[in-house]
Every structure is written in C-alpha cells, then in structure tokens.
Number of protein chains: 2
Amino acid sequence: MPAMPSSPAPGGRGRRPVDRPPITPTGIVDAALRLTETEGLDAWSTRQLAAALEVWPRAVYHHIGDRDAVADAVADRVVGMISLPSQELAWREWFSALLLEGRPVLRRYRGVARRLVRIGPIIPSALTMMDRGILVLQEAGFAEGATAAYRYLTNSAFTLVMVEDDRAENLPEARERLAGALAAHRDDPERRGLAAVGAAVTSRGTDDPEAIAALEDDFYAYTVERSLDGVAAVLSRPDRGGLSG
Amino acid sequence: MPAMPSSPAPGGRGRRPVDRPPITPTGIVDAALRLTETEGLDAWSTRQLAAALEVWPRAVYHHIGDRDAVADAVADRVVGMISLPSQELAWREWFSALLLEGRPVLRRYRGVARRLVRIGPIIPSALTMMDRGILVLQEAGFAEGATAAYRYLTNSAFTLVMVEDDRAENLPEARERLAGALAAHRDDPERRGLAAVGAAVTSRGTDDPEAIAALEDDFYAYTVERSLDGVAAVLSRPDRGGLSG
DNA sequence: ACCTGAACACCGTTCAAGT
DNA sequence: ACCTGAACACCGTTCAAGT
C-alpha cells in the first residue's frame, strides 16, 4: 500500500471496492447533511466528506463541484424541511408559526442559518418561503412595504439562530468566561446597569444546560414578538410603510 | 540562507534587524487592526500578521497568545471606537444614535460585529456600552425588561451589520447570481410574491455600487426603527415587558 | 465517466533551541 | 525574555494519469 502524505485513505483500504455503486450528487448531499448535523456546516472538511463516502476528495468535485456547491445543496435541503404555515392564517400568526417552527430545524443543522441569511435568494427552497411570506404580507395590506417587512422578520429570527449557532461552537471554557464577566458586576455600585444583568444571570443556573436552553427559548420568543410588534407599527402609520427613496 | 518550507520569511530577509525594538502586545494589535481593515477579521492569518511585524509566527504567541486572543483585542479596540450617546437623551434617541453611529465603525472592520454579538460580555468596551444602555432603559421605565430590550436592540442592528459583512465577502459572481435569482421572477404569474421583489430589484440599479449602498442604508435604518417600535410596544403593555419565567 | 494518487499552496499551533 | 527555524497535523483545490 502506497503512502498517502496529503490525503486520508478513503475508508482505510487502498482502493474503493469494485462492487460499490458510483457515488451520486444525492449521495454526496446525504453524507454532507449527516456531517452537518454532527459537526456543523462550517466544521466538516471536503476531506472528511470524501472519507465518509470512501472516495478521494477529487471524486466529490467531479459530481457536484467545490465545497460551496455542496454547502449550498445542504442549505437547500435543510430550508426545505421547514414546513410553511397555511396561507389562510393572518400575517402575524403565519410569521409566528414560520419563525418558531424554523428554529429547531435550523439549529439541528448548525451553520445553515448563516448561509440562509447570506445567500437566501439562490437557495430554491428559500425563494418558495419568500414568495409565500410576501403574499401573506401583501394581502394584509403592507403594499410596497411587504418586501422590507419580510426581510426584517426573517432576518430578526434567523440571525438570532445564527448567533445561537456561533455560541454553541464556543468551548465550555469560553462559556464560563462569558457568564463570569456578567456575574462579576452583580454588586458593582459603579456599574448599576451591568449589576441588573449580573443579578439576572446568577439567579438562574448558569451551568445547567436545560436552564440555559430555556433562557434561549424565552429570548427567541421575545425577539419574534418584538419584531412582529415593530412591523405591526407600520400598519397604523402607513406613511412609514415602505423604504424611503 | 536556509530554506523555509513551512513559514514565510519574516520581511523577506533571513533575520530581524538587530536595531529594531522588540514587538509589543500594543504593536501586535495595531498591525492586526490594519489587517482587519483591509482583509477582515476572519481573513488574515497568523502568518500574515507575523510577516507584517517582520517576525516568525511564534513571536506573536509569546506576547499575546493564539489567534483568538489577538482577535478579541482587535474587537475591543474597534468597539471602543463607537462613541456612546449622552445619557441625557431619551431612550429611543439614545439607541437610535448608538446603532446608527456604530454601523460605519463596525463595517470598517469587517468581522468585528460577529465577534461582538458572539462574545460581547468578555469585550471590556462592550460591557461599558451595555452598562450605559441598560441604565437608559431602566430610567425609561423598562424595569426587569431592560436587559432583554438591550440585547434585542443591539442584536437587531449588529447582526444586520454581520450579514452585511458576510455579503461583502461574496465574490462579484455570487452577487450577480443573487440579484439575478430575484429578478428572474419579475413577471412570473405563478410567484406573485417574488414578482414584487423582482420589480423592486430591477427598478434600481443592481450593478451600481452606490445604489446598492443606498439600499443597504435604507434597510438598516428601517431595521433600527422597527426594532425601536417593537420595544416601545412593551412600554404600553407592561404585562409583557420582561421575559417569562 | 469516474476515480486514484499525488501535489500545490496554504492554515494554526507547538517543539526545541539559540542569543 | 525574546525570537528563530522547523515541524506537526491539518486545510481546499487541481494536476495528470489510470480503468
């Protein structure tokens, strides 16, 4: 067996067994989806993906293209998993359902939220979501303000998922430094604003993962509600409904 | 001169001139700040930073530590450049000023916004900003809701800067695909929601950088206003002011 | 058409040693 | 104390060749 100085051996044995069928674009995305679930979209390498498929990295390029092409396909699959609410719901309920149901799907595949907000329009399933959402807003009377409102509502929620994904990537040591930095000012008379945060942080468990998850759930729901309130405000002030210019 | 198989030559010559003073933590952050301005916080490498200082990579580790430590110091410098509004302003004006003035600073140093929303509490200058902001909200009557409102307002604006940074990283080719994907549905009767976006996109110049910047400015201002509206809504409904639990 | 095997030009970090 | 020079264990992508 030859030495492999710059690539991991695909599957550990020298050559792909002859009885195995050729890899396919669908199979590549299946494997990338599994890696995204365990590692996150930005954490797996093309070499890991190739190893999972038991081929050399070059084979993946032959079927789909570079890392970005694979990641785009993964994002399309994941966004397609988000079920779109019924078009008969009122706009506020429609978006509330979409954003609350979208979070667990996106969080399961860390890094997809970032890609969604970055290149949404070239993700086919995101275009479908956008079409439905804008229709709902148009029918609710948002007129020219519908596109800005759509982008604002989805950005608010999905960028928060992106931040949650980023923080999940933090090492335990970094998480402790974060909680500690806030708790340190709990009784600081010079920084009465931070003292309030410190008190809030220390009153709940900062080490219990379930307590932290509950805090994240609450702040996500708060974010969705405040953004819906913010957009609702333009309906009562139609002069400010669209973007200027 | 010996071969350097795994590191660039610092400064191109074999050895650092004896007359140069030793590098310092401050000098390292100065150089990293310049690289962040030209390349973005995530785009420069420790090797590039070392080359700019005309030392071998190991020397940087000796004075500050790893890449994360340098990036944290850069983020602290940049956030410290954001001037805090007068504490005498009303809460809405205070946040409007902070978020509108914070954007150009953060965009000048791409990637810092992401780090700010990810590890804010361990960035000293971000803690100062947080202390002031929460005081302003407390004095405006937000009570226990002040910390959630602070996080919501700063997240809304700074995560949008993060998305703008990400999109600035897109290659021209990817930017065209994005605009094209929306414009493609301009006259699509099957997708009336997307048609509205397509029309809006094609009515303005999609290639003129100034027109694109103006659209981004408008949407940022819209985002800030909607978030302020969303938070203002809790003042009139005090039962929903804080987070549940 | 599909894939191998190796290479190219990079990373971040750490080793042991030198002055 | 400060820094060199080299190494370790990785990256994404591309080359030329094999079946």
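Residues numbered from 1 in each chain as written. Chains lettered and ligands numbered in written order. Predicted model: local features only at pLDDT ≥ 70, side-chain atom pairs only at ≥ 80, totals over all residues. Heavy atoms only, no water.

Participant: How would you explain the interface of chain A and chain B if you had to name every residue and give the values?
Facilitator: Taken residue by residue, the interface counts 62 residues in chain A and 62 residues in chain B. Counting the surface chain A buries against chain B, the share from its top three residues, Arg118, Tyr152 and Tyr222 of chain A, is 12%. For Asp166 of chain B, the salt bridge identified is with Arg114 of chain A, shortest N-O distance 2.7 Å. Linking chain A with chain B are 24 residue pairs in polar contact (both at pLDDT 80 or more), by the criterion used here. Taken together, the elements giving at least two residues each to the side of chain A that touches chain B come down to α6 (112-119), α7 (124-139), α8 (146-169), α9 (172-183), α10 (192-203) and α11 (209-236) of chain A. With 13 residues, the top contributor of residues to the side of chain A that touches chain B is α8 of chain A. Looking at side-chain class alone, the side of chain A that touches chain B contains 26 nonpolar, 15 polar and 21 charged residues. (Contact = heavy atoms within 4.5 Å. Buried area = accessible area lost by both parts, 1.4 Å probe. Salt bridge = Lys/Arg side-chain N within 4 Å of Asp/Glu carboxyl O. Polar contact = N/O pair within 3.5 Å; in protein donor to acceptor, adjacent residues only side chain to side chain. Helix = DSSP H or I, 4+ residues; strand = E, 2+ residues; numbered from the N terminus. Nonpolar A, V, L, I, M, F, W, Y, C, P; charged D, E, K, R; others polar.)

Participant: Which residues make up the relation of the copies chain A and chain B, and what values do they have?
Facilitator: Rotating chain A by 180° and moving it 0.0 Å along the rotation axis overlays it on chain B with an RMSD of 0.0 Å. Taken together, the rotation angle and the small translation identify this as a two-fold axis. For chain A, the smallest separation between a C-alpha atom and the rotation axis is recorded for Gly230 of chain A, amounting to 1.9 Å. Residue by residue, 100% of the interface of chain A is reproduced at the interface of chain B, so both copies engage with the same surface. (Least-squares fit on C-alpha atoms with pLDDT ≥ 70 in both.)

Participant: Before we move on, could you go through unusual backbone geometry and cite the residues and values that matter?
Facilitator: Residue and element names in this part refer to chain B. Located in the positive-phi region is Glu54, a residue other than glycine, with phi close to 60°. By the secondary structure assignment, Glu54 is in the loop between α2 (46-52) and α3 (57-63). Taking the relative accessible area as the measure of exposure, Glu54 reaches 17% and is therefore buried. Located in the positive-phi region is Ala143, a residue other than glycine, with phi close to 50°. Inspection of the secondary structure assignment puts Ala143 in the loop between α7 (124-139) and α8 (146-169). (Buried < 20%, exposed > 50% of the residue type's maximum accessible area, 1.4 Å probe, protein only.)

Participant: Give me the environment of Asp72 of chain B: which residues, what numbers.
Facilitator: Among the structural elements, Asp72 of chain B can be located in helix α4 (residues 67-80). In this structure, the C-alpha to C-alpha distance between Asp72 of chain B and Arg175 of chain B, residues 103 residues apart in sequence, is 30 Å. Leave out the neighbours within four places in its chain, and Asp72 of chain B touches Arg177 of chain A together with Arg115, Ile119 and Ile122 of chain B.

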